Amino acid sequence: MKFESLTAFFYMDGHGIYIWAAYGLTLVILAANVWFPLIARRNIIRAEKSAVLKAMNRKL
Amino acid sequence: MLNWFHRLGSPKTFFEISGRWQVPLLSLAVLMLAGGAAWALLFVPPDYQQGNSVRIMYIHVPAAILAQSGYVMMAGAAAVFLIWRIKLADVAVKCVAPLGASITFLALVTGAIWGKPTWGTWWVWDARLTSTLVLFFLYIGVIALRSAMDRQAGVGRACAILALVGVVNLPVIKYSVDWWYSLHQPASFSLTEKPSMPIEMWLPLLVMVIAYYLFFFSVWMMRIRNEILVREKNTDWVKQWLAVR
């Protein structure tokens with residue numbers, strides 16, 4: 001550990017605001033890159049399933 | 001080898017193989033990202049010049065490396081599509097563009113955040129920064145071209161050609177710090193040369209670079225799988241796959 005206290009860890013000799021902003025943004029962008037394909041996948045599966053159901057109803 | 005290449009070029013085979021790999025790959029990537037970030041934030045010694053802001057390097061440098069090598073991969077897929085007309089390569093070009101754009105954006109913004117306490121400015125119009133901004137616009141261009149030509153014949157070829165033309169920007173980014181007087185320091189990370197920093201600073205950077213690569217590949221794969229489902233929705237194997245969801 002390079003920090004003596006939690007406050008020192010957050011403050012980082014005055015650089016804390018930059019460091020935490022950069023890490024926060026990284027977390028947001030990386031998480032979005034996982035989130036978007038997951039949502040897209042869910043929507044594709046839903047749309048295709050309802051399309052299949054509609055086609056079946058038409059046949060009946 | 002060529003046989004294997006062709007097999008993987010089939011959407012169905014790619015979908016099956018990637019289905020087995022995606023969860024372990026993404027888990028490993030997230031684990032390494034978390035571990036590498038904790039290492040960078042807690043255990044790396046402050047730099048004698050930059051102080052604690054050096055910790056931003058561990059998320060900025062891998063993003064900058066991926067921004068460029070993501071473009072190389074996009075151009076590679078574009079070349080494969082133009083030469084061999086493998087449809088999966090077009091899917092790969094389409095799916096890597098938004099991902100590459102977001103990582104390039106990340107590299108630009110983390111660089112700006114690092115620049116403020118270190119250089120005293122968020123942004124300078126110097127060669128390295130400007131050429132990376134151009135890289136971002138190239139990714140945006142590929143995305144925009146595809147959405148503008150949506151469903152038209154030749155959209156894949158047009159995007160592939162644009163992706164290939166943009167390759168000229170890559171050596172500009174890479175050698176910008178040598179060709180011009182630049183505020184940006186030369187490469188801090190190289191596989192071929194002896195590291196210029198002590199091992200306790202270099203090793204976590206290596207972990208983060210590998211983690212970013214793994215992450216990049218796993219989310220690229222997720223996007224490709226989605227696109228395959230859409231493009232192949234009328235095939236029997238996709239219908240069967242959907243039936244059990």
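Residues numbered from 1 in each chain as written. Chains lettered and ligands numbered in written order. Predicted model: local features only at pLDDT ≥ 70, side-chain atom pairs only at ≥ 80, totals over all residues. Heavy atoms only, no water.

1. Concerning the overall build of chain B
Okay, step 1: What chain B contains, in helices and strands, is nine helices and zero strands.
Okay, step 2: For chain B, the C-alpha radius of gyration of 20 Å lies close to 18 Å, the compact-globule estimate for 245 residues.
Okay, step 3: For chain B, the spread of C-alpha atoms along the three principal axes comes to 60 × 35 × 30 Å.
Okay, step 4: Within the span of chain B, comprising 245 residues, buried residues form 51% of the whole.
Okay, step 5: Pairs at least 24 apart in sequence give 76% of the contacts found in chain B among residues at least 6 apart.
Okay, step 6: For chain B, the exposed area adds up to about 12,100 Å²; of that, 67% sits on carbon and sulfur atoms. (Helix = DSSP H or I, 4+ residues; strand = E, 2+ residues; numbered from the N terminus. Rg over C-alpha atoms; globule rule 2.2 N^0.38 Å. Buried < 20%, exposed > 50% of the residue type's maximum accessible area, 1.4 Å probe, protein only. Contact = heavy atoms within 4.5 Å. Areas by Shrake-Rupley, 256 points an atom, 1.4 Å probe, with all protein chains shown as cover.)

2. Focus on the interface of chain B and chain A
One widely used convention gives an interface's size as the accessible area the parts lose upon coming together.
Okay, step 1: The partner chain A presents 28 residues to the 43 residues of chain B that form the contact.
Okay, step 2: Interface area lost by chain B to chain A is led by L41, L42 and N52 of chain B, which between them contribute 18%.
Okay, step 3: The interface formed by chain B and chain A includes zero salt bridges.
Okay, step 4: The interface formed by chain B and chain A contains seven residue pairs in polar contact (both at pLDDT 80 or more). (Buried area = accessible area lost by both parts, 1.4 Å probe. Salt bridge = Lys/Arg side-chain N within 4 Å of Asp/Glu carboxyl O. Polar contact = N/O pair within 3.5 Å; in protein donor to acceptor, adjacent residues only side chain to side chain.)

3. Re the packing of helix α3 (residues 57-84) of chain B against helix α6 (residues 155-165) of chain B
Residues and elements named next belong to chain B.
Okay, step 1: Between α3 and α6, whose axes approach to 8 Å, the crossing angle comes to 135°. Between α3 and α6, the angle is such that the two are oblique. Where α3 crosses over α6, the two elements pack in a sense that is left-handed. Taking contact as the criterion, the partners of Y71, M74, A75, A78, A79, F81 and L82 in α3 are, on α6, G156, R157, A160, I161, L162, A163 and L164.
Okay, step 2: Residues of the contact of α3 with α6, tallied by class, amount to 12 nonpolar, one polar and one charged. (Axes fitted to C-alpha atoms, helices over the stretch in contact; angles between N-to-C directions. Parallel < 35°, antiparallel > 145°, perpendicular 65-115°, else oblique. Left-handed = near helix turned anticlockwise from the far one by under 90°. Nonpolar A, V, L, I, M, F, W, Y, C, P; charged D, E, K, R; others polar.)

4. A look at the side chain of H15 of chain A
Okay, step 1: Within the secondary structure, H15 of chain A sits in the loop between α1 (6-11) and α2 (16-59).
Okay, step 2: Contact partners of H15 of chain A, with chain neighbours within four places excluded, come to Q50, G51, N52, S53 and P117 of chain B.

5. With respect to the packing of aromatic side chains
Residue and element names in this part refer to chain B.
Okay, step 1: Summed over all chains, the structure comprises 12 aromatic pairs over all chains.
Okay, step 2: Consider the rings of W123 and W125, whose centres lie 5.5 Å apart with planes at 80°: the pair is edge-to-face.
Okay, step 3: Centroid distance F216 to W220: 6.0 Å. Interplanar angle 70°. Geometry classified as edge-to-face. Of this pair, F216 and W220 both sit in helix α8 (residues 199-231), separated by four residues, roughly a single helical turn.
Okay, step 4: With relative accessibility at 1%, the residue F216 sits in the buried group.
Okay, step 5: Three or more aromatic residues joined by ring pairs make a cluster, and in this case those are Y213, F216, F217 and W220.
Okay, step 6: Positioned above the aromatic ring of Y175 is the side chain of K174, whose terminal nitrogen or guanidinium carbon lies 5.6 Å from the ring centre. (Phe/Tyr/Trp six-rings, centres within 6.5 Å; stacked < 30°, edge-to-face > 60°. Lys NZ or Arg CZ within 6 Å of the ring centre and 35° of its normal.)

6. What to know about the pattern of salt bridges
Residue and element names in this part refer to chain B.
Okay, step 1: For the structure on display, the rule yields five salt bridges over all chains.
Okay, step 2: Residue K12 pairs with E16 through a salt bridge whose shortest N-O separation is 3.5 Å. Of this pair, K12 and E16 both sit in helix α2 (residues 11-43), separated by four residues, roughly a single helical turn.
Okay, step 3: Residue K12 is classed as partly exposed on the basis of its relative accessible area of 36%.
Okay, step 4: Look at E16 and you get partly exposed, because its relative accessible area is 41%.
Okay, step 5: Salt bridges here are not isolated pairs; linked through shared partners, they connect D90, K94, R146, E227 and R231.

7. With respect to unusual backbone geometry
All names here are of chain B.
Okay, step 1: At R85, a position not held by glycine, the phi torsion is positive, near 55°.
Okay, step 2: Position of R85 relative to the elements: it lies in the loop between α3 and α4 (87-119).
Okay, step 3: Overall, R85 belongs to the exposed group, its relative accessible area being 53%.

8. Considerations on the packing of helix α5 (residues 127-148) of chain B against helix α7 (residues 169-179) of chain B
All names here are of chain B.
Okay, step 1: Between α5 and α7, the shortest axis-to-axis distance is 8 Å and the interhelical angle comes to 160°. Classed by the angle they form, the pair α5 and α7 counts as roughly antiparallel. In this structure, α5 crosses over α7, and the sense of that crossing is left-handed. Here α5 contributes A127, R128, S131, T132, V134, L135 and L138 to the contact with α7, which in turn contributes N169, L170, V172, I173, K174, S176 and V177.
Okay, step 2: Classifying every residue of the contact of α5 with α7 gives eight nonpolar, four polar and two charged.

That is the geometry; function is a separate question.
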